[in-house]
Amino acid sequence: MLDKLGRVVAGAAIAAAMSMGMAAAEEWKGWNIHVEGYPNTVAMDRFAELVADKTGGEITVQMFHGGVLGSQSDAIEQLRLGAIQVANFNLGPIGPIVPEANVVSLPFIFKDVDHMFRVLDGEGGKMIADGMARRGILPLAWFDAGARSFYNTVKPINTPEDVAGMKVRVMNNDLYSGMIEQLGGNPSPMAFGEVYQALKTRVVDGAENNWPSYESTGHYEVAGYYSLSEHLIIPECLCVNTDTFNALDETQQAAVREAALEAAALQRELWAKREEESRAKVEAAGVKVNEIADKTPFQQAMAPVYEKFLQANPDLRQLVETIQNTE
Ligand code: GTR
């Protein structure tokens, strides 16, 4: 039905619906990188259900989990082209395409997750969302992704000197490579799905992520030192292709927005629980977790990363300052 006949049948159905004055049914493809049971996966499935319910079946979403439609960087391009209509993205790999969204990838820019959400709910969030929408990636709601910390196969990290000489996997974004370089390490940009093998075979010494991803990927099995640097607090979005969304009528847009906000509320609730569960699970498995008594040297080492970013994006200085000044 989907191939040869599918297009004909769909075309006929659309024509019939239009002649009866009904909105045409459309099916969206959804991308998500996470495994079953992960808060984001559950929330994206809920989004699909809610969209179908709230639009009376005019829009349906078929979700593809586990990154089966490709890596995050590929999926961002596919969404911009309209080959995928909806996705849960981390803002990290969106930064290289959307300068406004890149400010969230400046290390230590947010004090904590609440600060991040306050920024997203205010003027700063609007600038970020508008920048994304202009480049085809319209965020409808924000997900919690906690804080990212360093983990590795070698030793606990307490000072920047401990990172020196380490090969550390980062997401695709020059800001993260700069961050590792400033700590004296060697950055290795790599897709999420390749990190487990790279750690296992010691192609890299370490990586950085939040508790749930460190646990759900099994990285803790091969990299047993987790050091609470909390150097990045990056939001994630439930994003749709801008043109796809703009082509909907007002009632449909409202329904899809509502579905996204409800899915995000669920994600945040599940996230809080999963962070605790993941931490407990990896600690029970023998992971050595250490607090970092003084994070100031890590923060100070990031000055050149900020400088370089602001030199390349002078018009974003105000946004950076707005974030830093948001209580
Ligand atoms: C996770 C995030 C993913 C992906 C991944 C990574 O925390 O939810 O979207 O960005 O990190 O490190 O690539």
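Residues numbered from 1 in each chain as written. Predicted model: local features only at pLDDT ≥ 70, side-chain atom pairs only at ≥ 80, totals over all residues. Heavy atoms only, no water.

## Examining the overall build of the protein
So, point 1. What the protein contains, in helices and strands, is 16 helices and 11 strands.
So, point 2. Rg of the C-alpha trace for the protein: 21 Å, near the compact-globule value of 20 Å for 327 residues, within the 12% margin.
So, point 3. With respect to the principal axes defined by its C-alpha atoms, the protein has extents near 70 × 45 × 30 Å.
So, point 4. Per-residue burial for the protein yields a buried fraction of 52% across its 327 residues.
So, point 5. For the protein, the proportion of contacts with a sequence separation of at least 24, taken over those separated by at least 6, is 75%. (Helix = DSSP H or I, 4+ residues; strand = E, 2+ residues; numbered from the N terminus. Rg over C-alpha atoms; globule rule 2.2 N^0.38 Å. Buried < 20%, exposed > 50% of the residue type's maximum accessible area, 1.4 Å probe, protein only. Contact = heavy atoms within 4.5 Å.)

## Points about the domain arrangement of the protein
So, point 1. Parsing the protein into structural domains produces domain 1 (27–144 + 236–266) and domain 2 (148–233 + 278–325).
So, point 2. With both sides pooled, the region where domain 1 packs onto domain 2 buries about 2600 Å², and carbon together with sulfur makes up 72% of that total.
So, point 3. By the criterion of area lost to domain 2, the three top residues of domain 1 are Leu106, Pro107 and Phe108, representing 28% of everything that side buries.
So, point 4. Inspection of the domain 1/domain 2 interface yields zero salt bridges.
So, point 5. Taken together, the links from domain 1 to domain 2 amount to eight residue pairs in polar contact (both at pLDDT 80 or more).
So, point 6. Elements with a minimum of two residues in the side of domain 1 that touches domain 2: α4 (99–102), α5 (113–121) and α6 (123–134).
So, point 7. The element contributing the most residues to the side of domain 1 that touches domain 2 is α5, with four residues.
So, point 8. Residues belonging to the side of domain 1 that touches domain 2 are distributed by class as follows: 18 nonpolar, 10 polar and three charged. (Domains from an automatic or database assignment. Buried area = accessible area lost by both parts, 1.4 Å probe. Salt bridge = Lys/Arg side-chain N within 4 Å of Asp/Glu carboxyl O. Polar contact = N/O pair within 3.5 Å; in protein donor to acceptor, adjacent residues only side chain to side chain. Nonpolar A, V, L, I, M, F, W, Y, C, P; charged D, E, K, R; others polar.)

## Comments concerning the pattern of salt bridges
Think of it this way: side chains of opposite charge can pair up when their charged atoms draw near.
So, point 1. Scanning the model with the defined rule gives 12 salt bridges in all.
So, point 2. Measuring nitrogen to oxygen at the nearest pair gives 2.8 Å for the salt bridge that ties Glu262 to Lys54. Taken together, the residues Glu262 in helix α13 (residues 250–284) and Lys54 in helix α2 (residues 39–54) connect sequence positions 208 residues apart.
So, point 3. Among the salt bridges present, the one from Lys126 reaches Asp130, with a minimum N-O distance of 2.9 Å.

## Side note on the site of the ligand
So, point 1. Every residue lining the ligand is accounted for by Ile33, His34, Gln72, Asn90, Arg148, Arg169, Met171, Phe192, Asn209, Asn210, Ser213 and Glu236.
So, point 2. One of the side-chain nitrogen or oxygen atoms of Arg148 is found 2.9 Å away from an oxygen atom of the ligand.
So, point 3. In this structure, an oxygen atom belonging to the ligand sits 3.1 Å away from a side-chain N or O atom of Ser213.
So, point 4. Protein chains bury 98% of the 320 Å² of accessible surface belonging to the ligand in isolation.
So, point 5. Partitioned by chemical class, the residues of the shell around the ligand number three nonpolar, six polar and three charged. (Near = heavy atom within 4 Å. Areas by Shrake-Rupley, 256 points an atom, 1.4 Å probe, with all protein chains shown as cover.)

## Focus: the sheet that holds strand β3 (residues 86–90)
So, point 1. Pairing is mixed in the open sheet, where five strands are placed in the order β2-β1-β3-β10-β4. The outermost strands of the open sheet, each flanked by one partner alone, are β2 (59–64) and β4 (137–143). In this sheet, neighbouring strand axes are inclined to one another by 30 degrees on average, regardless of whether the strands run parallel or antiparallel.
So, point 2. Against the sheet, α2 engages β2, β3, β4 and β10 (236–241), with an angle of about 160 degrees to β2.
So, point 3. In the packing of helix α3 (residues 72–81) onto the sheet, contacts are made with β1 (26–31), β3, β4 and β10, and the angle to β3 comes to roughly 140 degrees. (Pairing = 2+ DSSP bridges. Axes fitted to C-alpha atoms, helices over the stretch in contact; angles between N-to-C directions.)

## Comments concerning the nonpolar core
So, point 1. Counting 58 residues, the largest nonpolar core has Phe89, Leu91, Ile94, Ile128 and Met132 as its most contacted members.
So, point 2. For this core, the two domains that each supply at least three residues are domain 1 (27–144 + 236–266) and domain 2 (148–233 + 278–325).
So, point 3. Counting residues in hydrophobic clusters, the runner-up holds 25 residues, among them Ile59, Val240, Phe245 and Ala264. (Core = buried A, V, L, I, M, F, W, Y, C linked by side-chain atoms within 4.5 Å.)

## Quick word on α5
So, point 1. When we look at burial in α5, the residues that qualify are His115, Met116, Phe117, Val119 and Leu120.
So, point 2. Contacts from the buried residues of α5 go to α6, β4, α13 and α16 (317–325).
So, point 3. Regarding α5, its N-cap is Asp112, as a side-chain oxygen of that residue lies 3.3 Å from the backbone nitrogen of Asp114 further along.

## Focus on the environment of Pro189
So, point 1. On the secondary structure map, Pro189 appears in strand β7 (residues 186–189).
So, point 2. On a C-alpha basis, the gap between Pro189 and Gly30 in space is 25 Å, while along the polypeptide they are 159 residues apart.
So, point 3. Setting aside residues up to four positions removed in sequence, Pro189 forms contacts with Val170, Met171, Asn172 and Ser177.

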